[in-house]
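Listed here are the chains, written in short residue letters.
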Amino acid sequence: MIEPLVVEELHYSYPDGTAALRGITLALGTGENVALVGPNGSGKSTLLLHLNGLLLPGRGRIEVGGKPLSASTLEFARRFVGLLFQNPEDQLFMPTVGEDVAFGPQNLGRKGEKLRECVRTALERVGLEPARFLERQSYNLSIGEKKRVALAGVLAMEPEVLVLDEPSAGLDPRSRRRLIRLLTELPQTKLVATHDLDMALETCTRTIIIDRGQVVADGPSDQILADRVLLETHGLELPLSLGR
Ligand SMILES: Nc1ncnc2c1ncn2[C@@H]1O[C@H](COP(=O)(O)OP(=O)(O)OP(=O)(O)O)[C@@H](O)[C@H]1O
């Protein structure tokens, strides 16, 4: 069976010489929900940026939907993997919310009522009322609203795999709860980088810990996220729900 995401021995150093990834190997099965956790600077965002070709491996190999990621498969990979950036301001660039969410599906050939419907559905999924938000200017939104518009833009593309960088950061409690519900409902394969270990526990059956650019643990969330010693060794804390 084809695994939607495969990463083998991935190494990456930034141009200034910072070694951000030092031999990452992991694979996601179809429909799996996997949390990627680790302290600040451990390499989570750097790894995620590789998964749709925004960064290219220094060494190692990435397969997306069974195809090695390369210049000739980049377009396919960007359709297959929907990436939510850590900073929503890197993702929103059109004047209005409606145009931002429509941008991806429009590029895939959607138009007319089908396009409008897909934009409305995506906004509703992230809890933003289309009538209130479609004409709003993206740059005037609050951080939490921007994050939700950016997620709506990713969902509107209907990718096979969702790769989400800190999706709950900046969300108020009700929006966070809605996100958790959405993540448990969406059928896609998901890789979710997060510091929100309670959300990880609720939405992901598997958790991978990375520290200093290496995978240091990979297993069932209810074991990994309940292991106080393991978490503390890697600069993390027990989820609140497990009695920190
Ligand atoms: N553009 C860059 N140039 C040089 N070094 C960078 C750059 N971006 C990130 N780094 C470094 O690469 C390492 C990994 O950073 P990365 O952003 O991937 O970590 P992270 O796990 O996502 O952190 P956080 O939890 O704070 O979001 C860090 O040491 C960071 O300082």
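Quick caveat: nothing in here was measured; it's all calculated off a predicted structure.

Moving on: the nonpolar core. Val101, Leu151 and Ile209 are the most contacted members of the largest nonpolar core, which has 44 residues in total. Among the elements of the structure, strand S3 (33-37), helix H3 (97-107), helix H4 (112-125), helix H6 (143-156), strand S7 (161-165), helix H7 (173-185), helix H8 (197-203) and helix H10 (228-233) are those that each provide at least two residues to this core. A total of seven residues in this core trace back to one element, the largest contributor, which is H6. If near-sequence neighbours (up to four positions away) are discounted, Ile209 is found in contact with Val37, Gln214, Val215, Val216, Ala217, Ile224, Leu230, Leu231, His234 and Leu236. The next biggest cluster of nonpolar side chains, apart from the first, holds 27 residues, and it includes Tyr12, Leu47, Leu69 and Ile208.

Structurally, the position occupied by Thr96 is in the loop between strand S6 (81-84) and H3. Overall, Thr96 belongs to the buried group, its relative accessible area being 14%. If we ignore the near neighbours within four places in the chain, the residues touching Thr96 are Leu134, Glu135, Arg136, Gln137 and Ser138.

Taking the numbering used here, the UniProt-annotated feature "domain: ABC transporter" corresponds to residues 5-237. Regarding residues 5-237, the helix share stands at 37% and the strand share at 25%, and the terminal C-alpha atoms are separated by 28 Å.

Counted by the stated rule, this structure contains 11 salt bridges. With a shortest N-O distance of 2.7 Å, Asp196 and Arg176 are connected by a salt bridge. Of the two residues, Asp196 is situated in the loop between strand S8 (189-193) and H8 and Arg176 in helix H7; the sequence distance between them amounts to 20 residues. Across the pair, Arg176 and Asp196 agree in class, each one buried. The salt bridge involving Glu202 is made with Arg177; its shortest N-O contact spans 3.0 Å. Taken as a pair, Glu202 in helix H8 and Arg177 in helix H7 lie far apart in primary sequence, 25 residues in all. Judged by relative accessible area, which is 42%, Glu202 ranks as partly exposed. The class of Arg177 is partly exposed, set by a relative accessible area of 39%. Taken together, the shared-partner salt bridges connect Glu113, Arg116, Glu117 and Arg120 into one network.

Turning to the sheet that holds strand S2 (residues 19-28), a few remarks are in order. Read from one edge of the open sheet, four strands run S2-S1-S4-S5, paired in antiparallel fashion. Each edge of the open sheet carries a strand with a single partner, namely S2 and strand S5 (67-68). Pairing between strand S1 (residues 5-13) and strand S4 (residues 59-64): five bridges, direction antiparallel. Within the sheet, the bridge partner assigned to Glu8 lies in S4 and is Arg61.

The next thing to look at is the packing of H4 against H6. Across the interface, H4 lies against H6 with an axial gap of 8 Å and an inter-helix angle of 130°. Viewed along their axes, H4 and H6 adopt a mutual orientation that is oblique. Classified by chirality, the crossing of H6 by H4 is right-handed. Residues Cys118, Ala122, Leu123 and Arg125 of H4 lie in contact with H6, whose contacting residues are Ala152, Leu155 and Ala156. Residue composition of the contact of H4 with H6, by class: six nonpolar, no polar and one charged.

The next point concerns the site of the ligand. Not every one of the 14 residues close to the ligand is listed here, only the nearest: Asn40, Gly41, Lys44, Thr46 and His195. Here an oxygen atom of the ligand and a side-chain polar atom of Asn40 are 2.8 Å apart. Between Gln86 and the ligand, the recorded distance is 3.0 Å, taken from a side-chain N or O atom to an oxygen atom. Relative to its unbound accessible area of 640 Å², the ligand is 65% covered by the protein chains. Here the shell around the ligand gets three residues from one element, more than from any other, and that element is helix H1 (residues 44-50). Here the residues of the shell around the ligand are counted per class, giving three nonpolar, nine polar and two charged.

Scoring rules and cut-offs
- Residues numbered from 1 in each chain as written.
- Predicted model: local features only at pLDDT ≥ 70, side-chain atom pairs only at ≥ 80, totals over all residues.
- Heavy atoms only, no water.
- Core = buried A, V, L, I, M, F, W, Y, C linked by side-chain atoms within 4.5 Å.
- Buried < 20%, exposed > 50% of the residue type's maximum accessible area, 1.4 Å probe, protein only.
- Helix = DSSP H or I, 4+ residues; strand = E, 2+ residues; numbered from the N terminus.
- Contact = heavy atoms within 4.5 Å.
- UniProt positions renumbered as here; feature names shortened; annotations may be inferred.
- Salt bridge = Lys/Arg side-chain N within 4 Å of Asp/Glu carboxyl O.
- Pairing = 2+ DSSP bridges.
- Axes fitted to C-alpha atoms, helices over the stretch in contact; angles between N-to-C directions.
- Parallel < 35°, antiparallel > 145°, perpendicular 65-115°, else oblique.
- Left-handed = near helix turned anticlockwise from the far one by under 90°.
- Nonpolar A, V, L, I, M, F, W, Y, C, P; charged D, E, K, R; others polar.
- Near = heavy atom within 4 Å.
- Polar contact = N/O pair within 3.5 Å; in protein donor to acceptor, adjacent residues only side chain to side chain.
- Areas by Shrake-Rupley, 256 points an atom, 1.4 Å probe, with all protein chains shown as cover.

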